[in-house]
Amino acid sequence: MSKRDYYEVLGVAKDASDRDIKKAYKRLAMKYHPDRTAGDKDLEAKFKEVKEAYEILGDSQKRQTYDQFGHAAFEQGGGGGHGGFGGGADFGDIFGDVFGDIFGGGGGRRQSRQQRGADLRYNLDLSLEEAVRGKDVEIKVPTWVSCEPCDGSGAKKGSKPQTCGTCQGHGQVQMRQGFFAVQQTCPTCNGSGQIISDPCNKCHGQGRVEKTKTLSVKIPAGVDTGDRIRLAGEGEAGQHGAPAGDLYVQVSVREHPIFVRDGSNLYCEVPLSFTTAALGGEIEVPTLDGRAKLKIPSECQTDKMFRMRGKGVKSVRGGAVGDLICKVIIETPVNLNDRQKELLRELDESMGGNSSRHRPKEQGFFDGVKKFFDDLTK
């Protein structure tokens, strides 16, 4: 007898969302669950069919395979053992899947007694130069590490933890009321699945102790604010020998007195003298590799941008080196003596008859102002 289409079993369309599939599964699992059907073999078979359909459609990768190849992908071991039931359904686990979200069963699935250690974050401040070039840094991280005398077991040397008799090592116990079931943390072992009758003197049965670790971290060249460096296994040690979490080094680049970084490019403002702006010339500008020459054309206006290619940053993610963009800011002369003031007056008088030629922006501005007021009086 051929199997029914899994979408038909759950009563959903083929383009149904993951949420709709889960809702349909929960509704049918409650309807056909053996605790509610009093041993009815037909309804039990429907429950198994619903569970099988959800095992495929509830997993995005399996669902994609099913959409492409159908039931054949999960027959004869073709689905990696994921299709069908083998020796029958595990009603206890699936019952918890259905009702765990409602009754606080912690997700319902049987939890591992080994709880992985927590991930840690370390905030690392770098200068722009350090971020661009990369460096090796040493950091000190207060954390939990595995206890050496007991090798993380929590039991005194020469002894070992015993399996909890209440939960049989699962870390959880199931309480039933009618057809409802609620999984709770085992009150005897507090979820560890083990009883330590002779705890280690150093860690007092936890299997870990507090310690400040010193770590060497290689900062790759080109990192920027917001980048993270993951150090696998350098987070908190888990209890009772459980795997350690990870340490994430969060990079923050301090403000620079000269440069502003935007991706692979650098920006800076360069002061320019009045005479160099008018006559042109060559000036020195700073780069991260030292000084560089920048040619200024004559009659240069303030806020003009100059691009120096390849003088920016190479991103940690690869690609070409960015550019340095220099914006010139023309400085008005200050602290002038009498002779200098007289020369400026002479210069201004010499240009007085041809203001539009020498100061095109000024002439355009005042023409615009005149038009604005003429329009107001119309």
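Structure: see above.
Below is a summary of the structure that appears in this document. Keep in mind that this is a model prediction, so the values were computed, not measured.

## Quick word on the pattern of salt bridges
Part 1 of the reasoning: Here the structure, examined in full by the defined rule, presents 21 salt bridges.
Part 2 of the reasoning: Notably, a salt bridge pairs R63 with D18, separated by 3.4 Å at the nearest N-O pair. With R63 in helix α5 (residues 60-69) and D18 in helix α2 (residues 18-32), this residue pair connects regions lying 45 residues apart in the sequence.
Part 3 of the reasoning: Look at R63 and you get buried, because its relative accessible area is 10%.
Part 4 of the reasoning: What makes D18 exposed here is its relative accessible area of 53%.
Part 5 of the reasoning: Note that K218 and D136 form a salt bridge whose closest N and O atoms lie 3.9 Å from each other. You can see K218 sitting in strand β7 (residues 208-219) and its partner D136 sitting in strand β2 (residues 135-146), a full 82 residues away along the chain.
Part 6 of the reasoning: D136 sits in the exposed class, given a relative accessible area of 52%.
Part 7 of the reasoning: Each of the salt bridges in this network shares a partner with another, and the network as a whole consists of R116, D119, R230 and D246.

## A look at the nonpolar core
Part 1 of the reasoning: In this structure, I139, I219, V285, L294, I296 and C326 are the most contacted members of the largest nonpolar core, which totals 38 residues.
Part 2 of the reasoning: Counting residues in hydrophobic clusters, the runner-up holds 19 residues, among them V12, I21, A24 and Y66.

## Describing a nonpolar patch on the surface
Part 1 of the reasoning: Together, F274, L344 and L347 make up a nonpolar patch on the protein surface, roughly 230 Å² of accessible area in all.
Part 2 of the reasoning: On the basis of relative accessibility, which here comes to 33%, the residue L344 falls in the partly exposed class.

## Some points on the sheet that holds strand β10 (residues 260-262)
Part 1 of the reasoning: With respect to topology, four strands assemble into an open sheet ordered β10-β11-β15-β14, the strand pairing being mixed. Looking at strand neighbours, the two that pair on one side only are β10 and β14 (305-308), the edges of this open sheet. Averaged over all pairs of adjacent strands, the angle between their axes in this sheet comes to 30°, without regard to strand direction.
Part 2 of the reasoning: Looking at chain direction, β14 and strand β15 (residues 324-330) are connected through four bridges and run antiparallel. Each bridged residue has a counterpart across the sheet, and for M308 the counterpart in β15 is L324.

What counts, and where the lines are drawn
- Along each chain, residues carry numbers from 1 onward, in the same order as the chain's sequence is written.
- At least 70 in pLDDT is required for a residue's local features to be given in this predicted model, at least 80 for side-chain atom pairs to be given and counted, and no such filter applies to totals for whole chains, interfaces and linings, which use all residues.
- With hydrogens and water excluded, all non-hydrogen atoms of the structure serve as input to the side-chain values.
- Within this document, salt bridges are pairs made up of a side-chain nitrogen of Lys or Arg and a carboxyl oxygen of Asp or Glu, the two lying within 4 Å of each other.
- Segments assigned H or I by DSSP are reported as helices when at least four residues long, segments assigned E as strands when at least two residues long, and all are numbered from the N terminus.
- Residue exposure (1.4 Å probe, protein chains only): buried if accessible area is under 20% of the type maximum, exposed if over 50%, otherwise partly exposed.
- Residues belong to one nonpolar core when they are buried, are Ala, Val, Leu, Ile, Met, Phe, Trp, Tyr or Cys, and are joined through side-chain atoms within 4.5 Å.
- Like-charged residues within 9 Å of one another, or nonpolar side chains (Val, Leu, Ile, Met, Phe, Trp, Tyr) within 5 Å, are grouped into patches, provided each residue has over 30% relative accessible area and no salt bridge.
- Using a 1.4 Å probe, the Shrake-Rupley method yields the accessible areas, and only the shown protein chains count as cover for residues.
- Two strands qualify as a pair provided DSSP detects at least 2 bridges between them.
- Axis definition: a line fitted to C-alpha atoms, limited for helices to the stretch in contact. Angles are taken between N-to-C directions and run from 0 to 180 degrees.

Functional significance is not addressed by these values, which are geometric in nature.
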